[in-house]
Amino acid sequence: MTANPVRAVSMGIARERVDGREKVTGRAVYAVENDAEAAVEAAAGAGRPLHGWLVTSTSARGRVLRVDASEALDHPGVVAVLDHTNAPRLADAEDRELAVLQDDRIGFRGQIVAMVLAETPESAREGARLVRVHEQAEPFSATLEGAETYRPDPSSVGSATDTEQGDVEAALAAAPVSIEHTYTTPHEHNNAMEPHAATALWRDGTLTMWDSTQGVHSVASTLAPMLGLEKDRLRVLAPYVGGGFGSKGPPHGPEVAVALAARWAEGRAVKLAVTRQQMFPLTGYRTQTVSAIRIGAEPDGRILALEHAVTVQTSVIKEFVEHAAVPARMMYAGPHRRTSHRVASLDVPVPSWMRAPGEMPGMYALEVALDDLAVATGVDPVQLRVRNEPEVDPDSGNPFSNRRLVDCLHRGAERFGWADRPAEPRATLDGDWWVGTGVASATYPANFFPGNAARIAALGGGRYRVSIGAVDIGTGARTVLQQIAADALGVGVEEGIDLEIGDTRLPFATVAGGSSGTGSWGTAITQAAQQFRADHGEDPDPGVHTTSTAESYPDTEHLAMHSFGAVFAEARVHRWTGEVRVPRMLGVYSVGRVINPTTARSQFLGGLVMGLSAALFEESVRDARFGHVVTQDLATYHVASHADIGDLQVEWLDDVDERATPMGSRGIGEIGIVGTSAAVVNAAYHATGIRVRDLPATADAFL
């Protein structure tokens, strides 16, 4: 059954988060919280949970010769030390990131080589300090510069590895205006407020995990075969998640470690919270990217040829490719275009998803290159983007389902006062501060994941239980899914809907990632509601229910599905110190219908803050001598704080895109970070006349 468009009554209305009171009063239950502890104690009928602490390698490549746990085991409260010689065996150990404590190989510095189990977290931590790991180090490679690269498989990129249209070299050679520069972004790390954490209980051949994850079903489907379990013998719950930003999308090594520990301690729960320092090597990060961009254009700025060649790193033990050249394939018009991805495989931790993987660093490079082109042609940066607006998707040739980038640019320019902007850089000095403004475009694909299922059950009295195994990672999914369900069933939100999420015992749901959650889950709920009415009518008997699976909705074969936006920033750069301040930013977006303005605004603001943070502060520094990131805490890995944030404004166009979802919405979780770093850097150039192409744009670059 294909879901029909939904009449909006509750959707589009600003509603407070349904979980807001629980969170601000501290009653929300996270993966290792006391309420979860009480639950596992009751379920186990055993003693209090054990606490785990990870011991990690100090070699970037090599072997574990011996783990000496004697001092640790003598420490009061320490119960056991698991390593590769005594940890339970996995049924499938092919995935080397997840196959922890299975052999003596070391693939990166910070790899899990032992796990201490103790009666208290304090005993576990001290026990981990007392474990002596004897390692045999081997030669390793941990830097992208000068490394040998290869062409990855398209499955790693998510689309074609390389693309080419027309004759790029000839067009570049003949172009009246051309630019050629390299743009780089550093290693960046997710740092959610709640670290990666889990509680696991193995009892009677069944494993139950309370996990801080973006997808309970993805954890179960990944770990069950590794643990030799049927999927129905592994239950995963994620009642509340304190942020993820992509790093909690796929499961990582710590989740396997706590599952193995629970098997060892069968009948007694094990709790593990990964330390902030251990998150840097163990829970994914955004890899360094190097973008070589060449653009040839007419004197009026119309692009004739564009090449975006990306080089990134991955890990020897598991491949992940940051697909940073993909946005250049569809963003602007131009008859001659080429994109490529090349990867260096290094002895480093495994990269993974970080908010807008691919699009964030790729659009940073492209949008700063567009600003370079604007300078070279003397064309206003907003007008340059308007002149290169394509009629159809340049990559596929398909029409866009909805593309209102030009509207976003014009609206943003009007609101931001762009018309008063001096054309020349370094034109405005306010005291000791150079002042400038910049702009960048934003885009993100309107992802839809098939296979999501929802169950509708009548409770009587016009009330319904809506069940789906989705996860709310703090984005407001609980709130908007209730609004979608209320409209689909034609009832009020508070009086009509009970929502169940975050449990693998509920119908299947894909991960909360790729800005796909609301669209994919909401479509499943809408379809299930329509099927429920067809099955049971408008006055159903209490207890009747319908489960339906949404296999497809948007026409992705014949339409290009994307959201768009424009980000404007003002930068002030101190002429003596180089300090950069951003007193105001504005984002204007076209994302289809906004289901809840309150939660949507938070998502956009969070994206803008994260993009500003990447522009000015965030950089993980790897020590090439030892292979590890040295900036592995929030004292040395700098993120934007309250004092760094000025006046942030967001708005969205009045829009409905029912070709994307029956709700008329598209995803909003990631587009806010896309283009934002470029807008900040472009504003800093306009203020100072100094072009920074390597993030972060720290003060020394402007001296």
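Structure shown above.
Because the structure is a prediction, the values reported are computed rather than measured.

### Let's talk about the overall build of the chain
Moving on, step 1. Of regular secondary structure, the chain possesses 17 helices and 27 strands.
Moving on, step 2. Considered along the principal axes of its C-alpha atoms, the chain spans approximately 75 × 70 × 50 Å.
Moving on, step 3. Contacts in the chain between residues at least 24 apart in sequence constitute 82% of all its contacts with a sequence separation of at least 6.
Moving on, step 4. Put simply, the chain shows about 25,500 Å² of open surface, and 48% of that area lies on carbon and sulfur atoms.
Moving on, step 5. A gap of 2 Å separates the mean positions of the 62 positive and 89 negative side-chain charges of the chain.

### Some thoughts on the packing of helix α13 (residues 477–489) against helix α15 (residues 517–536)
Moving on, step 1. Two numbers describe how α13 lies on α15: the axes approach to 9 Å, and their chain directions differ by 30 degrees. Judged on the interaxial angle alone, α15 and α13 are roughly parallel. Remark: the crossing between α13 and α15 carries right-handed chirality. Only T518, W521, G522, I525, T526, A529, F532 and R533 of α15 make contact with α13, whose side of the interface consists of A477, V480, L481, I484, A485, A488 and L489.

### Some details on the pattern of salt bridges
Moving on, step 1. One pass over the full model with this rule turns up 46 salt bridges.
Moving on, step 2. Here E307 makes a salt bridge to R294, at a shortest N to O gap of 2.8 Å. With E307 in strand β15 (residues 303–315) and R294 in strand β14 (residues 289–297), this residue pair connects regions lying 13 residues apart in the sequence.
Moving on, step 3. According to the relative accessible area criterion, R294 is buried, its value standing at 19%.
Moving on, step 4. For the salt bridge of D432 with R575, the shortest nitrogen-to-oxygen distance reads 3.2 Å. In this pair, D432 sits in the loop between β17 (429–430) and β18 (433–445) while R575 sits in the loop between β23 (562–574) and β24 (580–590), placing the two residues 143 residues apart along the sequence.

### Observations regarding the layout of surface pockets
In this approach a probe as big as a water molecule rolls over the atoms, and the regions it shows empty are the leftover space.
Moving on, step 1. Empty space within the second largest pocket amounts to approximately 1,000 Å³.
Moving on, step 2. If you trace the second largest pocket, you find 32 residues lining it, with N191, M193, F245, G606 and V609 closest to the centre.
Moving on, step 3. In terms of residue class, the lining of the second largest pocket is built from 14 nonpolar, 12 polar and six charged.

### Some details on the pairing of β24
Moving on, step 1. Burial within β24 is extensive, with eight of its 11 residues counted as buried.
Moving on, step 2. Relative to β24, β23 runs antiparallel, the two sharing nine bridges. Each bridged residue has a counterpart across the sheet, and for A566 the counterpart in β24 is V588.
Moving on, step 3. The loop that links β23 with its antiparallel partner β24 comprises five residues; one of these, G578, has a positive phi angle of about 80 degrees.
Moving on, step 4. Bridging between β24 and strand β27 (residues 647–652) involves six bridges; their strand directions are parallel. Looking at the pairing, Y589 lines up with W652 of β27.

### Describing empty space enclosed by the protein
Moving on, step 1. Applying the stated criterion across every chain yields a total of two cavities of 30 Å³ or more.
Moving on, step 2. Lining of the largest cavity is provided by 19 residues; of these, R96, A99, V100, Q111 and I112 occupy positions nearest its centre.
Moving on, step 3. At the level of elements, β5 (112–118) and α9 (276–282) are the ones that each hand at least two residues to the lining of the largest cavity.
Moving on, step 4. For the lining of the largest cavity, the per-class residue count stands at 11 nonpolar, four polar and four charged.
Moving on, step 5. Every residue along the wall of the second largest cavity is listed here: H196, A197, A198, D211, S212, P254, E255, V258, L272 and V274.

### A word on the environment of T283
Moving on, step 1. Looking at the element boundaries, T283 is found in the loop between α9 and β14.
Moving on, step 2. For the pair T283 and R691, spaced 408 residues apart in sequence, the C-alpha to C-alpha distance is 34 Å.
Moving on, step 3. Aside from chain neighbours lying at most four places away, what touches T283 is H196, S247 and H252.
Moving on, step 4. At 2.7 Å, the side chain of T283 and the backbone oxygen of M279 are in polar contact.

### Considering the sheet that holds strand β11 (residues 206–211)
Moving on, step 1. Ordered by their spatial adjacency, seven strands build an open sheet running β3-β5-β1-β13-β10-β11-β12, and the pairing between neighbours is mixed. One side of each edge strand has no neighbouring strand; the edge strands of this open sheet are β3 (78–82) and β12 (234–237). Adjacent strand axes in the sheet meet at a mean angle of 20 degrees when their direction is disregarded.
Moving on, step 2. Both strand β10 (residues 197–203) and β11 contribute to a ladder of six bridges, which runs antiparallel. Opposite A198, over in β11, you have D211 as the bridge partner.

### Things to note about helix α8 (residues 253–264)
An α-helical segment advances 3.6 residues per turn. Residues three or four places apart therefore align on the same side.
Moving on, step 1. Compared with the 16 Å implied by 1.5 Å per residue over 12 residues, the 17 Å span of α8 between its first and last C-alpha is a close match.
Moving on, step 2. Taking burial as the measure, the 12 residues of α8 include 10 buried ones, the bulk of the element.

### Observations concerning the sheet that holds strand β21 (residues 497–500)
Sheet strands pair by backbone hydrogen bonding; their relative direction is either parallel or antiparallel.
Moving on, step 1. Taken in spatial order, the four strands make up an open sheet running β21-β20-β19-β22, and their pairing is mixed. Each edge of the open sheet is held by one strand with a lone partner, namely β21 and β22 (545–550). Averaged over all neighbouring strand pairs, the angle between strand axes comes to 20 degrees, with direction disregarded.
Moving on, step 2. When strand β19 (residues 452–460) meets β22, the two strands line up antiparallel, connected through six bridges. Across the sheet, residue A454 finds its bridge partner in β22, namely S548.
Moving on, step 3. Seen against the sheet, α13 touches β19, β20 (463–467) and β21 and runs at an angle of roughly 130 degrees to β21.
Moving on, step 4. Docked against the sheet, α15 engages β19, β20 and β22, running at close to 140 degrees with respect to β22.

### As for the environment of V567
Moving on, step 1. Counting through the fold element by element, V567 comes out in strand β23.
Moving on, step 2. Residue V567 is classed as buried on the basis of its relative accessible area of 0%.
Moving on, step 3. Placed 97 residues apart in sequence, V567 and A470 show a C-alpha to C-alpha distance of 31 Å.
Moving on, step 4. When sequence neighbours within four positions are dropped, the list of residues in contact with V567 reads G438, V439, A440, L586, G587, Y589, L608, V674, T676 and A679.

### Re the packing of helix α16 (residues 597–616) against helix α17 (residues 676–688)
Moving on, step 1. Contact geometry of α16 with α17 gives a least axis separation of 7 Å together with a crossing angle of 50 degrees. When the axes of α16 and α17 are compared, the pair comes out oblique. Every pair of crossing elements has a handedness; the one defined by α16 and α17 is right-handed. Residue-level contacts link G607, L608, G611, L612, A614, A615 and L616 of α16 to T676, S677 and V680 of α17.
Moving on, step 2. When grouped by side-chain class, the residues that make up the contact of α16 with α17 number six nonpolar, four polar and no charged.

### Quick look at the packing of aromatic side chains
Two aromatic rings are characterised by how far apart their centres lie and by the angle between their planes.
Moving on, step 1. Per the stated rule, a full pass over the model turns up eight aromatic pairs.
Moving on, step 2. When the centroid spacing of 5.8 Å and the interplanar angle of 80 degrees are considered together, the rings of F400 and F564 count as edge-to-face. In this pair, F400 is assigned in the loop between α11 (381–387) and α12 (405–416) and F564 in strand β23, connecting sequence segments 164 residues apart.
Moving on, step 3. Its relative accessible area of 10% is what places F400 among the buried residues.
Moving on, step 4. Consider the rings of F604 and W652, whose centres lie 5.7 Å apart with planes at 35 degrees: the pair is tilted. A residue pair is termed long-range when its members are at least 10 positions apart, and F604 in helix α16 and W652 in strand β27 qualify at 48 residues.

Rules and cut-offs
- Residues numbered from 1 in each chain as written.
- Predicted model: local features only at pLDDT ≥ 70, side-chain atom pairs only at ≥ 80, totals over all residues.
- Heavy atoms only, no water.
- Helix = DSSP H or I, 4+ residues; strand = E, 2+ residues; numbered from the N terminus.
- Contact = heavy atoms within 4.5 Å.
- Areas by Shrake-Rupley, 256 points an atom, 1.4 Å probe, with all protein chains shown as cover.
- Lys, Arg positive; Asp, Glu negative; His and termini not counted.
- Charge placed at Lys NZ, Arg CZ, Asp CG, Glu CD.
- Axes fitted to C-alpha atoms, helices over the stretch in contact; angles between N-to-C directions.
- Parallel < 35°, antiparallel > 145°, perpendicular 65-115°, else oblique.
- Left-handed = near helix turned anticlockwise from the far one by under 90°.
- Salt bridge = Lys/Arg side-chain N within 4 Å of Asp/Glu carboxyl O.
- Buried < 20%, exposed > 50% of the residue type's maximum accessible area, 1.4 Å probe, protein only.
- 1 Å grid on protein atoms, 1.4 Å probe; cavity = no way out; pocket = protein on both sides within 12 Å on 5 of 7 lines; lining within 4 Å.
- Points joined across faces, edges and corners; volume = space filled by probe spheres on them.
- Nonpolar A, V, L, I, M, F, W, Y, C, P; charged D, E, K, R; others polar.
- Pairing = 2+ DSSP bridges.
- Polar contact = N/O pair within 3.5 Å; in protein donor to acceptor, adjacent residues only side chain to side chain.
- Expected span 1.5 Å × (residues − 1).
- Phe/Tyr/Trp six-rings, centres within 6.5 Å; stacked < 30°, edge-to-face > 60°.

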